[in-house]
Amino acid sequence: MSTPPVIDGHGHDEPVDENLPERDDLYANPGVHEHLWRPTDVDPKAEKRAERQVATLFTLSALCTVLFVVCYVVVGPDETLAGFGAQNLLFGLTLAGALLFLGIGIIQWARKLMADQEIVEYRHPARSSDEDRATTIEALNTGIGESGIGRRPLVRNSLLGAAGLLGVPAVVMLRDLGPTNAQVTENPPFPGSGITNTIWDKGMRVVRDVVGTPIRPEDMQIGDLINGEPEGIYVSPWDGEPLEGVALQVNKSKGAVVLVKMEPEEIIPGTGRENWSVDGILCYSKICTHVGCPISLYERTTHHLLCPCHQSTFDLADSARVVFGPAARPLPQLALAVDADGYLVAQSDFDEPVGPSFWERG
Amino acid sequence: MDTSKVATSNATTAATASKPSKIGALGNWADERLGLAAMGKKNLRKVFPDHWSFMLGEIALWSFVVLLLTGVFLTLWFVPSMGEVQYNGTYEQLRGVHMSEAFASSLNISFDVRGGLLMRQMHHWAAMLFVASMMIHLLRVFFTGAHRKPRELNWVIGCLLLILGTLEGFTGYSLPDDLLSGTGIRAADGFIKASPVVGTYMSFLLFGGEFPGESIIPRLYVVHILLIPGLLLALVAAHMLLLVYHKHTQWPGPGRTEKNVVGYPMLPVYAAKAGGFFFIVFGVTALLGGLLSINPVWKYGPYDPSKVTAGSQPDWYMGWPDGALRIMPGIESEIWGHTISWNVMLPILILPVVMFIILLLLPFIEAWVTGDKREHHLLQRPRNAPTRTATMVALMTMYGLFWAAGGNDIIAIRLHLSINQITYFMRAAVVIGPVLAFIITRRWCISLQRKDNETLLHGYETGIIMRSPEGGYTERHLPLPASTAYTLTARHRDPEVNGHHEAVDANGVAAPGTGRLEGLRTRLRTLMWSDNVQKPTREELDEGHHHAEHEHELQAGLDHSADGHQFDGHHLVEDETLRGH
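Remember, predicted model here, so these are calculated numbers, not experimental data.

S.K.: Which residues make up the domain arrangement of chain B, and what values do they have?
M.R.: Residues and elements named next belong to chain B. For chain B, the domain assignment lists domain 1 (47-380) and domain 2 (446-568). One C-alpha centre belongs to domain 1, the other to domain 2, and the line joining them spans 44 Å. Contact residues are listed per partner, giving 7 residues for domain 1 and 9 residues for domain 2.

Right under this line is the structure:
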């Protein structure tokens, strides 16, 4: 069924605001374009052709679906095709074919064969009619009046109080999402717990990342950078066992350090840090003081360490002072010493919290 | 061929069944219980106007459906646990490595579940498409004035969809627990800790203790597959219901008014086009998932809090706050023993919230400035609201510069530039760039308005060059066809803005109020309208036509039999009645 195009010659026909200029039309509204028949509307050959096209597209879609299932059964996980993993490539192509041919077919059908007369529908203002409004307000007032909520403040207020109070358990019950910092600091579930301290302690060896072997000062050459870990994550200070799970992850995220060796005369020691280095070897927290990424990009000639996340740059020769980027504080420095066996050890834990700033940091 | 009557095969016979059919019986059964006919009467032939730009929101809708479908598939294998396991699957390079169950199951989906990698990649591509199409749809709506009354609330819902979609993306790409996403979560922990007073508590509660803990993945999982999708579904439904209630906006044109909507009926044309388009969006994500690798987590390896990769970047839609974070100077202050990290708080906790609130309020700010309380269903061309268009382009410029700053390391490496200089440049550019963009866009729009008037008054260029007996060359201009001229002029004149400080309306009445806020409003009204070019007056139009006729007479002797219409593409050639040939 086709609706004849409506020729609307009555100008713009729109709402008016007395504070804004009304629209003046310079030309009469010519009305909706006259509908023009498509080839497929008037030429049976074109119509048949379009019909065949659509059916072909649907058939191709079905074919791709079948191919998809065939590939699913036939193609092995290790096979490759033109440098791609064959499974993913073939699954993707056949599925895409099945979907695209179907979609294109349906749209072709809509464009070539379905009726294409534009039709006109009238809008209504979003607001309700005055009559509806009056009726609704009357019903609302009647309902509120019958409930007596306005006349019985005692009932109303006690209801509001009681219902509002129900929000409290909803918040309170979130309390056990996790322990607070105070709790884990007071009753540490594992060594190195709490935001202000780490597992580092007097005499704890600095060991190589991943392999866990201790380091002698003479193992390092000028310009070297070694990623270090506290030995405590391999040998727990509590029971001598390696840390696991959360204890390991937390301590890795706070205890990771970098060791760098430079010419002793290049070092500008901070006040009170004169004896924190051993033979030109300095040790800093690896955790960026900006938002906590582990830092690793070292430029040996300038002694600059760059954070790959937000490009804060620290001068390791000068107490890890911030020389560039968004970080506000130097990396905490770990005071080094050498133990009786000649290995690098910490003089103590860091003298300030590692990682990003927080409110209570002070 | 005979074009005077319609072929017999198309839409001429009524679809009345000759005898009660099974479908009819089913319809009767359903209607007696659900009253479907009343609903169908109104909506089955509901009219939707046609324009390519109305398809952008559809891409967002359909990619959301693709996300739901592929996401359900992924949940069947994904294990949202941070419990440590040793990997023993197919991917040889990581065999024997300790990792979380979440990462191991992501590898399992990628290598051992047939079609798993395809679904993972389609899910990720669809997520990118979802956020991108929402943004472009938002721009289309704003540039064409579709956010005006009565659609302001639908704009708000759309903005909520955008922010929820972004959060959904962040929680989603964090789930595999690979090195890159873990670094993202670690930075997020830094952001949370930078919140004044409650930061540390929030971090400890969110992570179930100290970072990284073993609770964050399962918690993000429930947010990702239940909480946010539920909200998204509800808001998408509300968005669609309001769309149906308001009826879609349309471009002005012949027969199109503020009180009607001209287009194709829902059944069959629009249903077929939209339904077909779903399969196209689905098919395109399948093509992307099959051909283009995305988030290859096996290359990043499992998360280890002491490791990081160079060039760490979030997914693109999280890039702009990251850029703000990168170019922010390192300012931190200590007040009474408490630390305030302005360097993190301003770019990450405050800036995005401020930008989002500005976005939410745009329709309300505009309505307050213009004082326009009318309903608007006819769209505006961006050029006809130069200040509005320039405002959004300024916001886009700021977004783009922040986003580029989020890739400052990549820019530095690829273009061999100093990262420090890029950063300093960006600090200035995010302030100056939007201002420049505003000025340029506004003037550009005004020039385009001028061009429209030029065409209306002097006709369009036909491309026919004529030589006069003196040897001079002129190009013939012809008047616009009536429908084009109508479309170009089917717009309001802007209210007159008088000088600098006082706006008067069309009746010459001064705007009321003299408070400071009213002063601001007056200045904004001036900015909104003062330089705009209005469509010609009737007198100008008549004069233009006289002039054209006069010119025509002068050229009459030079005429070739071709009057120009044959070549201009604006007119149908007389015998040509068919389209599409």
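S.K.: Lay out the nonpolar core with the relevant residues and their values.
M.R.: Judged by nonpolar contacts, the single largest core of 167 residues is most densely connected at Leu99, Tyr284, Leu334 and Leu336 of chain A together with Phe130 of chain B. Top contributing element to this core by residue count: helix 3 (residues 86-112) of chain A, with 16 residues. If we ignore the near neighbours within four places in the chain, the residues touching Tyr284 of chain A are Val257, Val258, Leu316, Ala320, Leu331, Pro332, Gln333 and Leu334 of chain A.

S.K.: Run through helix 9 (residues 216-246) of chain B, naming residues and quoting values.
M.R.: Helical periodicity: at 3.6 residues per turn, an α-helix aligns residues three or four positions apart in one direction. All names here are of chain B. Spanning 31 residues, helix 9 covers 42 Å between terminal C-alpha atoms, matching the ideal 45 Å at 1.5 Å per step. A maximum bend of about 35 degrees is found in helix 9 at Val223. Among the residues of helix 9, Ile216, Ile217, Leu220, Tyr221, His224, Ile225, Leu232 and His246 are the ones counted as buried. Contacts made by the buried residues of helix 9 are with helix 3 (56-75), strand 3 (98-100), helix 4 (101-111), helix 6 (152-174), helix 7 (179-193) and helix 8 (199-207). One or two positions beyond helix 9, positive phi appears at Lys247, with a value near 65 degrees.

S.K.: Run through the pairing of strand 7 (residues 460-467) of chain B, naming residues and quoting values.
M.R.: Relative to strand 8 (residues 473-478) of chain B, strand 7 of chain B runs antiparallel, the two sharing 5 bridges. Across the sheet, Met466 of chain B pairs through a bridge with Thr474 of chain B, a residue of strand 8 of chain B.

S.K.: Could you give an account of the interface of chain B and chain A, naming the residues involved and the relevant values?
M.R.: Contact with chain B, which involves 119 residues of that partner, is made by 104 residues of chain A. Residues belonging to the side of chain B that touches chain A are distributed by class as follows: 52 nonpolar, 42 polar and 25 charged.

S.K.: Would you mind going over the pairing of strand 4 (residues 260-265) of chain B in detail, with residue names and values included?
M.R.: Within strand 4 of chain B, 5 of the 6 residues are buried, leaving the element largely enclosed by the surrounding structure. In this sheet, strand 4 of chain B lies alongside strand 3 (residues 119-122) of chain A in antiparallel orientation, the contact comprising 4 bridges. From the neighbouring strand, Tyr122 of chain A faces strand 4 of chain B, where its bridge partner is Asn260 of chain B. Looking at chain direction, strand 1 (residues 47-48) of chain B and strand 4 of chain B are connected through 2 bridges and run antiparallel. Each bridged residue has a counterpart across the sheet, and for Phe48 of chain B the counterpart in strand 4 of chain B is Tyr264 of chain B.

S.K.: Any chance you could break down the sheet that holds strand 1 of chain B for me, citing the residues and the numbers?
M.R.: Read across the open sheet, the 3 strands follow the order 3(A)-4(B)-1(B); overall the sheet is antiparallel. Single-partner strands in this sheet number two, and they are strand 3 of chain A together with strand 1 of chain B. Strand contacts of helix 10 (residues 266-291) of chain B: strand 1 and strand 4 of chain B, with the helix running at about 75 degrees to strand 4 of chain B, the strand carrying the most contacts.

S.K.: Give a description of the UniProt feature "transmembrane region" (unreviewed entry) in chain B that names residues and reports values.
M.R.: Taken from the UniProt record, the annotation "transmembrane region" (unreviewed entry) applies to residues 59-79, 125-143, 155-175, 221-246, 267-294, 344-365, 385-404 and 424-441 of chain B. The straight-line gap between the two end C-alpha atoms of residues 385-404 of chain B is 28 Å; of that span, 95% is helix and 0% is strand.

S.K.: Residues and numbers for the sheet that holds strand 11 (residues 321-324) of chain A, please.
M.R.: All names here are of chain A. With antiparallel pairing, the 4 strands of this open sheet are ordered in space as 8-9-10-11. At either end of the open sheet lies a strand with only one pairing partner, and these are strand 8 (297-299) and strand 11. Averaged over all neighbouring strand pairs, the angle between strand axes comes to 30 degrees, with direction disregarded. In this structure, strand 10 (residues 313-315) lies alongside strand 11, joined through 3 bridges in antiparallel fashion. Following the sheet pairing, Phe314 is matched in strand 11 by Val322.

S.K.: Tell me what's going on with the environment of Leu288 of chain B, and back it up with residues and numbers.
M.R.: Counting through the fold element by element, Leu288 of chain B comes out in helix 10. As a C-alpha pair, Leu288 of chain B and Leu129 of chain B span 159 residues in sequence and 11 Å in three-dimensional space.

About the criteria used
Residues numbered from 1 in each chain as written. Chains lettered and ligands numbered in written order. Predicted model: local features only at pLDDT ≥ 70, side-chain atom pairs only at ≥ 80, totals over all residues. Domains from an automatic or database assignment. Contact = placed C-beta atoms within 7 Å. Core = buried A, V, L, I, M, F, W, Y, C linked by C-beta atoms within 7 Å. Buried ≥ 20, exposed ≤ 12 C-beta atoms within 10 Å, placed from the backbone. Helix = DSSP H or I, 4+ residues; strand = E, 2+ residues; numbered from the N terminus. Expected span 1.5 Å × (residues − 1). Bend = angle between axes of the 7 residues up to and from the residue. Pairing = 2+ DSSP bridges. Nonpolar A, V, L, I, M, F, W, Y, C, P; charged D, E, K, R; others polar. Axes fitted to C-alpha atoms, helices over the stretch in contact; angles between N-to-C directions. UniProt positions renumbered as here; feature names shortened; annotations may be inferred.

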